[in-house]
Amino acid sequence: HDSQIEISEDGTCEMTTRNFNTKPPPNYVAGLGRGATGFTTRSDIGPARMQPGAEAGSMGAPSAPQKPQDLSETKFDQFSGYEERLFGDTPYEEDDKAADEVWDQVDAQLDKRRKARREAREQEELAKFRASRPKLQHQFADLKRELETVSYAEWEALPEPGAHIKGAQAAKRHERFTKAPDTLLAGAKRQLETETMVAPGEGGPSGASTDAPLADLKSLGLARNSVLSVKLDLAGDSVSGQTVVDPKGYLTDLASVKVSSEAEIGDIKKARLLLDSVRQTNPSHAPAWIASARLEEVAGKMSKAIGLMKEACRACPGSEDVWLEAARLHGTGNAKLILAEAVRAVPTSVKVWLHAASLEEDERLRRLVLRKALEVLPNSVKLWQAAIDLESPEDAKLMLARAVECVPHSVDMWLAHARLENYDAARKVLNRALTAVPTEPLIWIAAIKLEEANGHGEQCDALVVRAMKWLAQHEAEPERELWIEEAHAAERAGAPLTCHAIVKAALPIGVEPEDRRRIWLDDAETFVNRGAFECARATFATCLAAFPTKRSVWERAAAHERAHGSREALEALLRRAVEYCPRAEGLWLMAAAERRKAGDLPGARAVLTDAFRANGTSELVWLAGVQLEFEVGEHERARTLLARARERAGTEQVWLRSVRLEQALADVAAAHALATGGLQVHARSAELHAAKAAIELGRGEVEAGRATY
């Protein structure tokens, strides 16, 4: 306990005693006035054991105390219950969520069932409310409908608002005067005036500008009418006192007039200010001058655009783009004068020289301009190409001889020079080209085409191999795809031997040995899809050379020749195929069928004879020979072939085909004998039993036929 003397308001002193065992006031910290700080004890934190339901992430920090629920009578309502949830402190689990979803579905279903009655009740209540308290517009709806019958005279007879006012009030109403402000009088004065403004530096020769607006709107309207009448007079022609106007031409003229909106005008003004700032900051910046001129051109101010380009030519005399833009804006007549100044200002600009030559309509003058340009720029490939295109073949040959000396790095010049020369001279030109540009494969391809065109096609393969070695030595060997594209180009140019040589040398590049057949067949299919049939033929030839015993490759090559080649090439291919694949029955039959289709019956028989020797036990080959003899009417030869086939092959189909042949020749006894003999070899053959039974029934031997069945 502690005692303290307190002085009351009336001046008396009282002794008070304080008990420090009582509860301290909130937020009280002992010794805070002396600089002490608060501290936390275990009693403030609570028990160290984690409360049930606490999260794992809050292990190290004390959990905030939950506010206890107030379930007193003051928080209870008879209709809605307690304000707080009774089970708000319990965890919300998955079964609670599922139950809530079920109850929501129940509520939605009940609401759907009561929806019609609820809407009808709401409509009825709304109708009663509007009947008791109608809106103002509903009250006068009938009167508004009656206005349909009011005539114009009755409407004009209605008095104006305030017309019922009479006496002094009416007089005062019409005699109110207000002093006009000075600004109104000044504005009325300006409307009757006409101002003419002349902007210095713009307009025609006298400096007058058409951009200054007229302040008098009445005069502006009269001027517009005058201009429209003049245009109509120009658009029409007088025929016997009548004026005829071309409507299409007039509408075209109107369509060419650009009407700018306020947004576009605002954008143009902003762009003009920005470009003006750029030009003032850096007057030698050519793109800023060009952009400014084009902006004025879009805005319809050609005179200002031309003036800007004149200033640009003075500010940026070394920019070829500025001179070209100025020439474009001035038109053809003045463009020649401007480009004449341009070639003096920038004599090394190829674009300026080419544009100046294009403006000349006379071919002789154009040739003179380009030759003058070549005197200044002898190393320009574009100038040489433009000049050579205008020359005759003989003059072009002379110019190309000079061009390859001035621009030895230009492959196109070398190739063009070689095309104009004869065989010996072209070879010398290409050899010089290889010395000048040793890393260019097009020179080698041109040399290979030259040899093929002059009847030396056997050298194509060797030249391709030399080309690849040469390019590999100079570290400029092209990729496989580039060689294939060049082969396709050679095919389009009509050089099939060059195409074959390139494909043969390029296909193995970058392909593993185990993947060659698959990739090469895919390449052949790609060539066929692209229409490069000669490249596909070369691909098949290369694949057959690497895989001569693969029957599938021969069959695909034969199919390609049948679809896109000649009959002679197909027959030659099939002859080679049966040599490498004598056991391939399909190739023999294909070769015989092609001979038969061509009408070469002895050739087809010869092919089948060779097939019999190579495939003596092949059922398909024997039956194909029998079918061939039967079709041409050689029945005895067919019987002989079937007899040999029964001896060497003896299959079920061979016996059955023998029976069918005898039936077709109406030799029933022989057919029955063959059927009986076949059943001795193939006792389980259903077709032979059926054929024998049919023969017996045909001869009236019902019991024998029934026994056979």
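This write-up is about the structure you can find in this document.

Criteria and cut-off values
Residues numbered from 1 in each chain as written. Predicted model: local features only at pLDDT ≥ 70, side-chain atom pairs only at ≥ 80, totals over all residues. Heavy atoms only, no water. Helix = DSSP H or I, 4+ residues; strand = E, 2+ residues; numbered from the N terminus. Buried < 20%, exposed > 50% of the residue type's maximum accessible area, 1.4 Å probe, protein only. Contact = heavy atoms within 4.5 Å. Areas by Shrake-Rupley, 256 points an atom, 1.4 Å probe, with all protein chains shown as cover. Phe/Tyr/Trp six-rings, centres within 6.5 Å; stacked < 30°, edge-to-face > 60°. Axes fitted to C-alpha atoms, helices over the stretch in contact; angles between N-to-C directions. Parallel < 35°, antiparallel > 145°, perpendicular 65-115°, else oblique. Nonpolar A, V, L, I, M, F, W, Y, C, P; charged D, E, K, R; others polar. Patch = residues over 30% accessible without salt bridge, like charges linked within 9 Å, V, L, I, M, F, W, Y side chains within 5 Å. Salt bridge = Lys/Arg side-chain N within 4 Å of Asp/Glu carboxyl O. Lys, Arg positive; Asp, Glu negative; His and termini not counted. Charge placed at Lys NZ, Arg CZ, Asp CG, Glu CD. Expected span 1.5 Å × (residues − 1). Arc of directions from axis to C-beta. Core = buried A, V, L, I, M, F, W, Y, C linked by side-chain atoms within 4.5 Å.

With respect to the overall build of the protein chain
Right, on to step 1. Across its full length, the protein chain carries 36 helices and six strands.
Right, on to step 2. Put simply, the protein chain has 709 residues, and 28% of those count as buried.
Right, on to step 3. In the protein chain, of all internal contacts separated by at least 6 residues, the share reaching a separation of at least 24 is 44%.
Right, on to step 4. As displayed, the protein chain has an accessible area near 48100 Å², and 54% of this comes from carbon and sulfur atoms.

A closer look at the packing of aromatic side chains
Right, on to step 1. A complete count under the given rule lists three aromatic pairs for this structure.
Right, on to step 2. With a centroid separation of 6.4 Å and 65° between ring planes, the pair formed by W520 and F547 is classed as edge-to-face. One end of the pair, W520, is in helix 25 (residues 516-530); the other, F547, is in the loop between helix 26 (533-546) and helix 27 (551-564), and 27 residues separate them in sequence. For the pair formed by W520 and F547, the shared burial category is buried.
Right, on to step 3. With centroids separated by 5.8 Å and ring planes inclined at 20°, the aromatic side chains of W554 and Y580 adopt a geometry described as stacked.

Some remarks on the packing of helix 12 (residues 286-298) against helix 13 (residues 302-315)
Right, on to step 1. Viewed as axis vectors pointing N to C, helix 12 and helix 13 meet at an angle of 170°, and their least axial separation amounts to 8 Å. Considering their axes alone, helix 12 and helix 13 lie roughly antiparallel with respect to each other. Taken together, the residues of helix 13 that come into contact with helix 12 (itself represented by W289, I290, S292, A293, E296 and E297) are M302, K304, A305, L308, M309, E311, A312 and A315.
Right, on to step 2. Here the contact of helix 12 with helix 13 is composed, by residue class, of nine nonpolar, one polar and four charged.

Notes on a negative patch on the surface
Right, on to step 1. A surface patch of negative charge is lined by E93, E94, D95, D100, E101, D104 and D107.
Right, on to step 2. Mapped onto the elements, E101 comes out in helix 2 (residues 94-113).

Some thoughts on a positive patch on the surface
Right, on to step 1. Judged by side-chain charge, R113, R114, R117 and R121 come together as a positively charged surface patch.
Right, on to step 2. Along the polypeptide, R114 turns up in the loop between helix 2 and helix 3 (115-132).

Digging into the side chain of R480
Right, on to step 1. Relative to the helices and strands, R480 is located in helix 23 (residues 480-492).
Right, on to step 2. Excluding anything up to four places from it in sequence, R480 contacts A506, L507, I509, V511, I519, W520 and D523.

Some thoughts on the environment of A606
Right, on to step 1. Among the structural elements, A606 can be located in helix 30 (residues 601-614).
Right, on to step 2. With a relative accessible area of 38%, A606 lands in the partly exposed category.
Right, on to step 3. As for A606 and A592, which are separated by 14 residues in sequence, their C-alpha atoms are 8.4 Å apart.

Observations regarding the packing of helix 19 (residues 411-420) against helix 20 (residues 423-436)
Right, on to step 1. Contact pair helix 19 / helix 20: the axes reach a minimum separation of 8 Å and the direction vectors enclose 170°. The angle between helix 19 and helix 20 falls in the class roughly antiparallel. Note on element contacts: helix 20 touches helix 19 through A426, V429, L430, R432, A433 and A436, opposite W414, L415, H417 and A418.
Right, on to step 2. Classifying every residue of the contact of helix 19 with helix 20 gives eight nonpolar, one polar and one charged.

What about the pattern of salt bridges?
Right, on to step 1. A complete count under the given rule lists 24 salt bridges for this structure.
Right, on to step 2. The shortest N-O distance in the salt bridge between D362 and R364 comes to 4.0 Å.
Right, on to step 3. Here D362 falls in the partly exposed class, since its relative accessible area comes to 35%.
Right, on to step 4. Judged by its relative accessible area of 48%, R364 is partly exposed.
Right, on to step 5. Measuring nitrogen to oxygen at the nearest pair gives 3.3 Å for the salt bridge that ties R402 to E405. Remark: E405 and R402 occur in helix 18 (residues 393-406); sequence separation between them is three residues, near one turn of the helix.

Points about the side chain of H488
Right, on to step 1. Mapped onto the elements of the fold, H488 is located in helix 23.
Right, on to step 2. For H488, the contacting residues outside a window of four places in its chain are R530, A532 and C535.

Thoughts on helix 26
Right, on to step 1. Helix length check: helix 26 (14 residues) gives 20 Å between terminal C-alpha atoms against 20 Å at 1.5 Å per residue, within 8%.
Right, on to step 2. Within the sequence span of helix 26, burial applies to E534, C535, A536, R537, A538, T539, F540, T542, C543 and L544.
Right, on to step 3. Where helix 26 is buried, its residues touch helix 23, helix 24 (496-506), helix 25, helix 27 and helix 28 (567-580).

Looking at helix 22 (residues 460-473)
Right, on to step 1. Look at helix 22: 20 Å from first C-alpha to last across 14 residues, which is about the 20 Å you get at 1.5 Å a residue.
Right, on to step 2. Those residues of helix 22 not exposed but buried are C460, L463, V464, A467, M468 and L471. Viewed end-on, helix 22 has its buried residues packed into an arc of 140°, placing them on one side of the element. Turned more than 90 degrees off the buried face of helix 22, the exposed positions are R466, K469 and Q473.
Right, on to step 3. Here the buried face of helix 22 lies against helix 21 (441-453), helix 23 and helix 24.

Here we look at a nonpolar patch on the surface
Right, on to step 1. A contiguous nonpolar surface patch, about 390 Å² in accessible area, is contributed by L147, V150, W155 and L158.
Right, on to step 2. Along the chain, L147 turns up in the loop between helix 5 (141-146) and helix 6 (152-156).

Focus: the nonpolar core
Right, on to step 1. Core analysis: the biggest nonpolar cluster contains 63 residues, and V464, W483, V503, C535, W554, L574 and L587 have the highest contact counts within it.
Right, on to step 2. Among residues more than four places away in sequence, those in contact with W483 are P441, I445, M468, L471, P478, I502, A506 and I509.
Right, on to step 3. Residues L324, A326, W384 and L430 belong to the second largest nonpolar core, which totals 61 residues.

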